[in-house]
Amino acid sequence: MTDRQRSAETAVLAAPGVVVANDAAVNPQERDFRPPSWLSNPHVQSVYPSLPFRRPAVSWRCRRLAAASRPVLLDCGEGVRLLAHHATRERTGHAAASRVAVLLHGWEGSSDSLYVVSLGQYLLDRGFDVVRLNLRDHGGSHGLNPGIFHSCRIQEVVGAVKRIQETNPGRGLNLVGFSLGGNFFLRVAACAHAAGLELEHVVAVCPVMDPAHTLVRLEDGWPVYRRYFVWKWHRSLRQKQAAWPQLYDLSEVREMDNLTDMTEHLACRYGGYPSLAEYLHGYAVTGDTLAGIRHPTRIITAADDPIIPAADLDRIARPRALTVTRTARGGHCGYYDAGRGGTWIEREIFATLTGK
């Protein structure tokens, strides 16, 4: 990161409260996130909500979502299939829902990530059918498609959303993505009109904006993040090789211990990209990438996010349909306030999708 970029980011971090653009419709009482003092640290916000010891309690609270969910293989076109889990209001004993929320996890997460499951239960309880979508090679789906995952595979995610729309005729379609999932859904929103998608709302929580900057943050920031993602990626690659032993020998990349070398190796050898820089640029949402957004779309991100530089917000297009909310705190996809009745981010997402 250059000195100029660091200066811009420092200015953002110093700004009090929320910096917003195209944001007149957002409830001002709910804009800023004010966690209790013991949760105010950005690393605590980023890590604590997903710690394994929380899973039993979250699973119990979200047992109705689990009982109402069924696995679905979505035909995304060109022979690609993605795995999703679909929960309906009817399976919980209620009338059929008129709206569907499609939730998409972050990199190396899944439809079973705690933040996805928790939000799914929150929305199911409040009138939505819920589809928890997995990216390729996530959520144990490594055997579905021979090609290896990379973040420029946007057309299959567009195809998955289109298939969900086709199988839910007459129901409002809403997309909510976290981190890399937010990046994917912003790109879906940008090409939705051309793809024949009709979306009610799109929400991206702490989306990756410039992948090159995010990679620098992961490599040079708190080492826990780099070690965590290297470990999860190694595990995923073992699963991919086990599913397609005739196609892959991933032993070389699994010996690497940093994300930059791993990304370059896989993007160039298996993704067909001539360089790491070209691959990372391929899924950036900076510049004019988001200019084509026509459906109501909201980005919610935190100035203290340790993974996504907040200064990258200044480099995205701002079509009229796009609303940006930048809170002072929240970490990376955290927004955990330890209260009852859902987390701050769950309440904000629901308010955005419903206007309540």
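Calculation rules
- As a convention, each chain's residues are numbered from 1 in the sequence order in which they are written.
- Residues qualify for local features only when their pLDDT is at least 70, as the model is predicted, and side-chain atom pairs are given and counted only at 80 or more; totals for whole chains, interfaces and linings, by contrast, use all residues.
- Neither water nor hydrogens contribute to the side-chain values; these are computed over all heavy atoms in the structure.
- Only runs of H or I of at least four residues qualify as helices and only runs of E of at least two qualify as strands under DSSP, and these elements are numbered from the N terminus.
- Three labels apply to residues, based on accessible area from a 1.4 Å probe with only protein chains included: buried if under 20% of the type maximum, exposed if over 50%, partly exposed otherwise in between.
- Charged-residue counts in this description rest on Lys and Arg as positive and Asp and Glu as negative, His and the chain ends being excluded.
- One speaks of a salt bridge when a side-chain nitrogen belonging to Lys or Arg is within 4 Å of a carboxyl oxygen belonging to Asp or Glu.
- When checking whether two residues touch, look at their non-hydrogen atoms; a contact exists if any pair is within 4.5 Å.
- At least two DSSP bridges between two strands are needed for those strands to be called paired.
- Handedness is read with the strands pointing away from the viewer; a crossover is right-handed when the path from the first strand over the helix to the second is clockwise.
- Note on ring pairs: Phe, Tyr and Trp rings are taken, using the six-membered ring of Trp, and paired if centres are within 6.5 Å. Classes follow the plane angle, with under 30 degrees stacked, over 60 edge-to-face and the rest tilted.
- Only when the NZ of Lys or the CZ of Arg is both within 6 Å of the ring centre and within 35 degrees of the ring normal is a charge said to sit over the ring.
- The predictor attaches a confidence to each residue, and that confidence, scored 0 to 100, is pLDDT.
- Under this definition, polar contacts are N or O atom pairs within 3.5 Å; protein pairs additionally need one hydrogen-donor-capable and one acceptor-capable atom, and for neighbouring residues in sequence, both atoms have to be side-chain atoms.

Novice: Outline the side chain of Arg89, supporting the account with residue identities and numerical values.
Specialist: Note on placement: Arg89 falls in the loop between strand S3 (81–87) and strand S4 (99–104). Buried charge without a partner: Arg89 forms no salt bridge, and the closest opposite charge is Asp125, 5.5 Å away. Contact partners of Arg89, with chain neighbours within four places excluded, come to His94, Ala95, Ala97, Leu124, Asp125, Arg126, Gly127, Phe128 and Asp129.

Novice: Any details on the pairing of S4? Residues and values, ideally.
Specialist: Of all the six residues making up S4, six are buried; the element is thus mostly covered by neighbouring parts of the structure. Alternating residues of S4 divide into Arg99, Ala101 and Leu103 and Val100, Val102 and Leu104, and every residue in both groups is buried. When S4 meets strand S5 (residues 128–133), the two strands line up parallel, connected through six bridges. The residue of S5 that forms the bridge with Arg99 is Phe128. Handedness of the crossover joining S4 and S5 through helix H6 (residues 114–125) is recorded here as right-handed. In this structure, S4 lies alongside strand S6 (residues 172–178), joined through six bridges in parallel fashion. Bridging from a neighbouring strand, Leu104 pairs with Gly177 of S6.

Novice: An account of the packing of aromatic side chains is requested, with residue identities and associated values reported.
Specialist: The geometry of an aromatic ring pair is captured by two quantities: the separation of the ring centres and the angle between the planes. Summed over all chains, the structure comprises 18 aromatic pairs. When the ring of Phe33 is compared with that of Trp344, the centres are 5.5 Å apart and the planes differ by 55°; the resulting orientation is tilted. Residue Phe33 is located in the loop between helix H2 (28–31) and helix H3 (42–47), and its partner Trp344 is located in helix H13 (residues 344–354); the two are separated by 311 residues in the primary sequence. Accessibility expressed as a relative area gives 4% for Trp344, which makes it buried. An angle of 75° between the planes, with centres 5.3 Å apart, marks the rings of Tyr228 and Phe229 as edge-to-face. Grouped by ring-pair contacts, the aromatic residues Trp107, Tyr228, Phe229, Trp231 and Trp233 constitute a single cluster. It is Arg63 that lies over the ring of Trp60; its NZ or CZ is 3.8 Å from the centre. Lying across the ring of Trp231, Arg235 places its NZ or CZ 4.8 Å from the centre.

Novice: For H13, give the residues involved together with the corresponding values.
Specialist: Counting buried positions along H13 gives nine out of 11 residues, so the element sits mostly inside the fold. Among all positions of H13, only Trp344, Ile345, Glu346, Glu348, Ile349, Phe350, Ala351, Thr352 and Leu353 are buried. The positive-phi residue at the C-terminal boundary of H13 is Gly355, with phi of around 75°.

Novice: Describe in detail the confidence of the model for the chain, supporting the description with residues and values.
Specialist: Looking at the chain, the pLDDT average stands at 92 and 91% of residues meet or exceed 70. The low-confidence segment residues 1–20 (pLDDT under 50) makes 33 contacts with residues lying over four places distant or belonging to another chain. Note on residues 23–30: pLDDT is under 50 here. Beyond four places in sequence and across chains, it has 12 contacts.

Novice: Please provide a residue-by-residue account of the pattern of salt bridges, values included.
Specialist: Proximity of charged atoms lets side chains of opposite charge pair with each other. If you walk through the whole model with that rule in mind, you get 14 salt bridges. Linking Arg64 and Asp125 is a salt bridge whose minimum nitrogen-to-oxygen distance equals 2.9 Å. With Arg64 in helix H5 (residues 63–68) and Asp125 in helix H6, this pair connects stretches of sequence that are 61 residues apart. Overlapping salt bridges, with partners in common, bring together Asp210, Asp312 and Arg315 in one network.

Novice: Can you tell me about the environment of Thr297, naming the residues and giving the values?
Specialist: Examined against the element boundaries, Thr297 turns out to sit in strand S8 (residues 297–302). Under the relative-accessibility criterion, Thr297 is labelled buried at 3%. Sequence separation between Thr297 and Leu322 is 25 residues; the distance between their C-alpha atoms is 4.8 Å. Setting aside residues no more than four positions away along its own chain, Thr297 makes contact with Leu186, Ala189, Val202, Ala321, Leu322 and Thr323. A polar contact of 2.9 Å, which involves the side chain of Thr297, links it to the backbone oxygen of His295.

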